[in-house]
Amino acid sequence: MKSLPQSQRPLDGLVVLDFSQFLSAPLATLKLADLGARVIKVERPGIGDLCRNLYISDTDIDGDNSLFHAINRNKESITADLREPDDRERLRALLKTADVMVQNFRPGVIERQGFGYDAVREINPRIVYGSISGYGEEGEWKDLPGQDLLAQARSGLLWLTGSRDDPPMPMGLAVADMLAGNALAQGILAALVGRGIHGRGALVQTSLLEAMVDFQFEVLTTHLNDGGRLPVRGAVNSAHAYLGAPYGVYETADSFLAVAMTPSLQKLAELMGIDGLSQYYDDKHAMMRQRDEIKAVMAGAIRERTTAEWLAILQPADIWCSEVLDWPQLMASEAWKILSLEQEIRRNGEVRLNALRGPLRIDNCTLKSDRAAPALGADRDRIFDELLSDNLPGESGAKAAPAREAGAFEEK
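All of the points below concern the structure found in this document. (Residues numbered from 1 in each chain as written. Predicted model: local features only at pLDDT ≥ 70, side-chain atom pairs only at ≥ 80, totals over all residues. Heavy atoms only, no water.)

Here we come to the overall build of the chain. Within the chain, the regular secondary structure consists of 16 helices and 15 strands. The C-alpha extent of the chain, read off along each of the three principal axes, is 85 × 50 × 45 Å. Counting over 412 residues, the chain shows a buried share of 46%. Expressed as a percentage of contacts within the chain between residues at least 6 apart in sequence, the contacts between residues at least 24 apart total 71%. (Helix = DSSP H or I, 4+ residues; strand = E, 2+ residues; numbered from the N terminus. Buried < 20%, exposed > 50% of the residue type's maximum accessible area, 1.4 Å probe, protein only. Contact = heavy atoms within 4.5 Å.)

So, on to the sheet that holds strand β8 (residues 202-207). Strand order in this open sheet of six strands is β5-β2-β1-β6-β7-β8, and the pairing throughout is parallel. The sheet is open, and its two borders are formed by β5 (76-79) and β8, each paired with just one other strand. Adjacent strand axes in the sheet meet at a mean angle of 20° when their direction is disregarded. With four bridges joining them, strand β1 (residues 15-18) and strand β2 (residues 38-43) adopt parallel strand pairing. (Pairing = 2+ DSSP bridges. Axes fitted to C-alpha atoms, helices over the stretch in contact; angles between N-to-C directions.)

In this section: the pairing of strand β10 (residues 256-259). Residues of β10 alternate between two faces, with Leu-257 and Val-259 buried on one and Phe-256 and Ala-258 left unburied on the opposite face. Summarising the sheet, strand β9 (residues 248-251) and β10 pair through four bridges and their orientation is antiparallel. Note on β10: the bridge partner recorded for Val-249 is Ala-258. Linking β9 back to β10 in an antiparallel pair, the connection comprises four residues.

Attention now moves to the packing of helix α6 (residues 148-155) against helix α7 (residues 175-198). Following both chains from N to C, one finds α6 and α7 inclined at 90°, their axes separated by 7 Å at the closest point. By the angle between their directions, the pair α6 and α7 is classed as roughly perpendicular. Contact residues: α6 offers Asp-148, Ala-151 and Gln-152, while α7 offers Val-175, Ala-176 and Asp-177. Taken together, the residues of the contact of α6 with α7 break down into three nonpolar, one polar and two charged. (Parallel < 35°, antiparallel > 145°, perpendicular 65-115°, else oblique. Nonpolar A, V, L, I, M, F, W, Y, C, P; charged D, E, K, R; others polar.)

Now for the sheet that holds β10. Taking strand neighbours across the sheet as the criterion, the three strands line up as β9-β10-β11 in an open arrangement whose pairing is antiparallel. At either end of the open sheet lies a strand with only one pairing partner, and these are β9 and β11 (321-323). Neighbour-to-neighbour, the strand axes of the sheet open up by a mean angle of 25°, direction not taken into account. Running at roughly 40° to β9, helix α12 (residues 291-302) makes contact with β9 and β10 of the sheet.

Moving on, we come to helix α16 (residues 380-388). For α16, the complete set of buried residues consists of Arg-380, Ile-383, Phe-384 and Leu-388. Taken end-on, α16 shows its buried residues confined to a sector of 95°, consistent with a single buried face. Looking at the packing, one finds that the buried side of α16 touches β2, β5 and α3 (85-97). Trailing α16 by a residue or two, Ser-389 shows a phi angle of about 45°, which is positive. (Arc of directions from axis to C-beta.)

Packed helix pairs are characterised by how far apart their axes lie and by the angle those axes make with each other. Axis separation between helix α1 (residues 24-34) and α7 bottoms out at 7 Å; the angle between their running directions is 45°. Taken together, α1 and α7 sit at an angle that is classed as oblique. Both α1 and α7 take part in a crossing whose hand is right-handed. Between α1 and α7, the contacting residues are Ser-24, Leu-27, Ala-28, Lys-31 and Leu-32 on the first element and Asp-177, Met-178, Gly-181, Asn-182, Leu-184, Ala-185, Ile-188 and Leu-189 on the second. Among the residues forming the contact of α1 with α7, the class breakdown is eight nonpolar, three polar and two charged. (Left-handed = near helix turned anticlockwise from the far one by under 90°.)

So, on to a nonpolar patch on the surface. A cluster of nonpolar side chains, namely Leu-325, Trp-327, Leu-330 and Met-331, defines an oily patch on the protein surface of about 430 Å² accessible area. As for its position among the elements, Leu-330 is in helix α14 (residues 327-331). (Patch = residues over 30% accessible without salt bridge, like charges linked within 9 Å, V, L, I, M, F, W, Y side chains within 5 Å. Areas by Shrake-Rupley, 256 points an atom, 1.4 Å probe, with all protein chains shown as cover. Salt bridge = Lys/Arg side-chain N within 4 Å of Asp/Glu carboxyl O.)

Turning to the pattern of salt bridges, a few remarks are in order. Think of it this way: side chains of opposite charge can pair up when their charged atoms draw near. Throughout the structure, instances matching the rule amount to 23 salt bridges. Here Asp-64 ties to Arg-347 by a salt bridge, and the two come within 2.8 Å at their closest N and O atoms. With a gap of 283 residues between them, Asp-64 in strand β4 (residues 64-65) and Arg-347 in strand β12 (residues 342-347) connect regions that are remote in the sequence. This pair shows no difference in class: Asp-64 is buried, exactly as Arg-347 is. Among the salt bridges present, the one from Arg-92 reaches Glu-89, with a minimum N-O distance of 3.7 Å. Taken together, the residues span about one helical turn, with Arg-92 and Glu-89 both in helix α3 at a distance of three residues. Taking the relative accessible area as the measure of exposure, Glu-89 reaches 39% and is therefore partly exposed. What emerges from the salt-bridge pattern is a single network uniting Arg-38, Glu-76, Asp-379, Arg-382 and Glu-386.

This next bit is on the environment of Ala-70. Looking at the element boundaries, Ala-70 is found in helix α2 (residues 66-72). Owing to a relative accessible area of 45%, Ala-70 belongs among the partly exposed residues under this scheme. In this structure the C-alpha to C-alpha distance between Ala-70 and Leu-30, which are 40 residues apart in sequence, comes to 9.2 Å.

Take unusual backbone geometry next. Pro-246 follows Ala-245 through a cis peptide bond whose omega is 10°. Residue position: Pro-246 is located in the loop between α9 (217-225) and β9. Its identity is not glycine, yet Phe-22 carries a phi of approximately 65°, on the positive side. Tracing the backbone through its elements, the reader meets Phe-22 in the loop between β1 and α1. Classification of Phe-22 as partly exposed rests on a relative accessible area of 36%. For Asp-363, which is not glycine, the phi dihedral falls at a positive 50°. The exposed category is assigned to Asp-363, whose relative accessible area is 63%.

As structure tokens, then:
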């Protein structure tokens, strides 16, 4: 599948200064980069984004871990110590040229460094300023660590996954970070459209908690309108606390089968040749109220045939079902190949690694780029020379060595 040229991407020419680290806000700027924006990471000298060394595996690629490469491909990097007057002045000069600034420090940290929204708006009134916190900027939770698992734990989500007798169960992905990052990207894009209409910049804010609550809007709305009843996870093959039988994943003779909702339990049972469910056919509430009994009967019958045999019976009858794939099986599928989901990215023209492209396609083209995550400060001299030209401060200008190795973004 053809990749859309940089010059044709919708955000080509847009400059983003990315003060953020870890996962949530860097994910937002990754989305902007894929859409064509020039994303410049601002990192502390000598250390950089702490995510460079926050390992989710033992996979190290050219000195940085695989997580950093995944989140920060297609970006540039400069270093700046926010305690150094020359670096602070350069950043202010860069902000005059920028369209977007993004940060995700705890409330009050970036403000004490002189780069909160009010200060940046004085520098550039048209700036779109994106911010992610853990739990908002006020209240008793505002200073708590904005970490994904902790946000999941506080959001109520852990009581929706798993079966009734399971303990609270987190999702196996950093969903709070990812959803907050995507929400911020959406808000920034909306603010940019608004600026094109009325000429004003904007402050765009979200938090891990807001993203997690929004993620649950469907079931929370039910909770708010059914007397405040708590969700009850099914005891048998539970896949959704608010959906009845047959919804779930079942073991077959050779693997697993996912079965979604069905309008007719009778039709499903007759297709599958399952006895013992006829007493539930005429009770419209049975698939929820007796879901465990129904699913237990189904589970016993489904184990008697292979997944392929069940798919051959159910799919032609338009029963919503699917095989359960692992990653190698997914990557061997025709859909994976047709959608061209992989890309090769390169660092320094030598280091090559496989990565995934973003999910969007524009004009029938993907938004691939072979630019890898930047080495720490790799673009500092070029960016300062290119964007600031004669506006650099003093002799300790862009080509000066990094001042200190720590403290650039540390809370005072």
